[in-house]
Amino acid sequence: MSPSHSRGRGGQMYRYYVSQAVLKGGATERPAIARLPAGEIEAAVVAQVRALLRQPEMVVGTWRAARTTASDVTEQEVLLALERIEPLWDELFPAERARIVRLLVDRVDVGAEGAAVRLRLDGLGSLVRDLAVQAPEAGRAAA
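Chains are numbered independently. Their residues run from 1 in the order of the written sequence. Residues qualify for local features only when their pLDDT is at least 70, as the model is predicted, and side-chain atom pairs are given and counted only at 80 or more; totals for whole chains, interfaces and linings, by contrast, use all residues. Side-chain numbers here rest on the full set of heavy atoms in the structure, without hydrogens or water.

A.B. asks: Got a minute to help me understand the packing of helix 3 (residues 56–67) against helix 4 (residues 75–89) in this structure?
C.D. replies: Any two packed helices are characterised by how steeply their axes cross, that is the angle between the axes, and by the distance between the axes. As a packed pair, helix 3 and helix 4 sit with axes 9 Å apart at the nearest point and diverge in direction by 120°. In terms of orientation, helix 3 and helix 4 fall into the oblique class. Every pair of crossing elements has a handedness; the one defined by helix 3 and helix 4 is right-handed. Residues Met58, Val59, Val60, Thr62 and Trp63 of helix 3 touch helix 4, and the partners they reach there are Glu75, Val78, Leu79 and Leu82. Residues that form the contact of helix 3 with helix 4 fall into these classes: 7 nonpolar, 1 polar and 1 charged. Only the stretch in contact is used when fitting a helix axis, every axis being a line fitted to C-alpha atoms; angles between N-to-C directions are given from 0 to 180 degrees. For the purposes of this entry, the term helix denotes a DSSP run of H or I that reaches at least four residues, the term strand denotes a run of E that reaches at least two, and both are numbered from the N terminus. With respect to orientation, any angle under 35 degrees is reported as roughly parallel, any angle over 145 as roughly antiparallel, any angle of 65 to 115 as roughly perpendicular, and every other angle as oblique. Note on convention: near helix rotated counterclockwise from far helix by under a right angle means a left-handed crossing. Clockwise means right-handed. We call two residues contacting when some pair of their heavy atoms lies within 4.5 Å. Throughout this entry, Asp, Glu, Lys and Arg are counted as charged residues, while Ala, Val, Leu, Ile, Met, Phe, Trp, Tyr, Cys and Pro are counted as nonpolar. The remaining residues, Gly among them, count as polar.

Okay, structure coming up:
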């Protein structure tokens, strides 16, 4: 699916995602899901990403990805960084939330049965390094 939008009579913008089959127009049959409201699918993706970040296997995968560029990062630092994301999420500006989602999400597959989110472990590693750098700076600022 690809993002799209249209404008209503009063200039109101409506965002949605359109199936590639609809965009290309070559499909003989209409797909089961031709269009989805952007707000709904984006909220579902964010909820799934937040849930995935709490899973133990994500901590290990993120730690391994982070070690490729920062060999001194520990599994405990990764765990703390991932735990730090959750309470901060609602405080972030929308543009920062969007940047984090783009950094973390590789692909979203939508079907009649639901949405499956595939994460980028390298993006998680990058986010953990950012959070690990910010944590000591915040401690110094508080002192």
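Here the narrative resumes, following the displayed structure.
A.B. asks: Where do I start with a nonpolar patch on the surface in this structure?
C.D. replies: Each patch groups residues whose relative accessible area exceeds 30% and which form no salt bridge, using 9 Å between like charges and 5 Å between nonpolar side chains of Val, Leu, Ile, Met, Phe, Trp and Tyr. Exposure was quantified through the Shrake-Rupley algorithm and a 1.4 Å probe, taking into account, for residues, occlusion by the shown protein chains and nothing else. When a carboxyl oxygen of Asp or Glu is within 4 Å of a side-chain nitrogen of Lys or Arg, the pair counts as a salt bridge. Side chains of Met1, Val108 and Val110 sit close together on the surface and give an oily, nonpolar patch of about 190 Å² of accessible area. Inspection of the secondary structure puts valine 110 in strand 4 (residues 105–111).

A.B. asks: Where do I start with the pairing of strand 5 (residues 114–119) in this structure?
C.D. replies: Bridge analysis of strand 4 against strand 5 gives 6 bridges, and the strand direction is antiparallel. What sits directly across from glycine 111, in strand 5, is glycine 114. The turn linking strand 4 back onto strand 5 is made up of 2 residues. Only strands that DSSP links by at least two bridges are regarded as paired with each other.

A.B. asks: Just checking my understanding: could you explain helix 2 (residues 38–53) for this structure?
C.D. replies: Between the first and last residue of a helix there are one fewer steps than residues, each counted as 1.5 Å, and that sum is the expected span. The terminal C-alpha atoms of helix 2 lie 22 Å apart, and with 16 residues this matches the ideal 22 Å at 1.5 Å per residue to within 8%. Whether a residue is buried, partly exposed or exposed follows from its accessible area with a 1.4 Å probe, protein chains only, as a fraction of its type maximum: under 20%, in between, or over 50%, in that order. Taken together, the buried positions of helix 2 are occupied by Ala38, Ile41, Val45, Val49, Arg50, Leu52 and Leu53.

A.B. asks: How do you make sense of the nonpolar core when you look at a structure like this?
C.D. replies: Across soluble globular proteins, nonpolar side chains have a tendency to be buried as a group. Buried Ala, Val, Leu, Ile, Met, Phe, Trp, Tyr and Cys residues form a nonpolar core when they are joined through side-chain atoms within 4.5 Å. The biggest cluster of nonpolar side chains holds 23 residues, and the ones touching the most others in it are Val49, Leu53, Leu82, Leu104, Val105, Leu119 and Leu124. Elements represented by at least two residues in this core include exactly helix 2, helix 3, helix 4, helix 5 (94–104), strand 5 and helix 6 (121–142). At 5 residues, the largest contribution of residues to this core is made by helix 2.

A.B. asks: Help me out: how do you make sense of the sheet that holds strand 2 (residues 13–18) in this one?
C.D. replies: For sheets, the rule is that strands pair by backbone hydrogen bonds, running either parallel or antiparallel. With respect to topology, 3 strands assemble into an open sheet ordered 1-2-3, the strand pairing being antiparallel. At either end of the open sheet lies a strand with only one pairing partner, and these are strand 1 (2–7) and strand 3 (35–37). In this sheet, neighbouring strand axes are inclined to one another by 35° on average, regardless of whether the strands run parallel or antiparallel. Relative to strand 2, strand 1 is paired through 6 bridges, and the arrangement is antiparallel.

A.B. asks: Can you walk me through the packing of helix 2 against helix 4 in this structure?
C.D. replies: One can describe the packing of helix 2 onto helix 4 by two numbers: an axis separation of 9 Å at closest approach and a directional angle of 145°. Crossing geometry of helix 2 relative to helix 4 is assigned as left-handed. Within the contact between the two elements, helix 2 uses Val46, Arg50 and Leu53 and helix 4 uses Leu82, Ile85, Glu86 and Trp89. For the contact of helix 2 with helix 4, the per-class residue count stands at 5 nonpolar, no polar and 2 charged.

A.B. asks: How should the pattern of salt bridges be read in this particular structure?
C.D. replies: When charged atoms on two side chains of opposite charge get close, those side chains can pair. With the rule as written, the count across this model stands at 6 salt bridges. Here aspartate 109 makes a salt bridge to arginine 107, at a shortest N to O gap of 2.6 Å. On the accessibility criterion, aspartate 109 (34% relative accessible area) is partly exposed. Among the residues examined, arginine 107 registers a relative accessible area of 43% and is labelled partly exposed. Among the ionic contacts, a cluster of salt bridges with common partners joins Asp106, Arg118 and Arg120.

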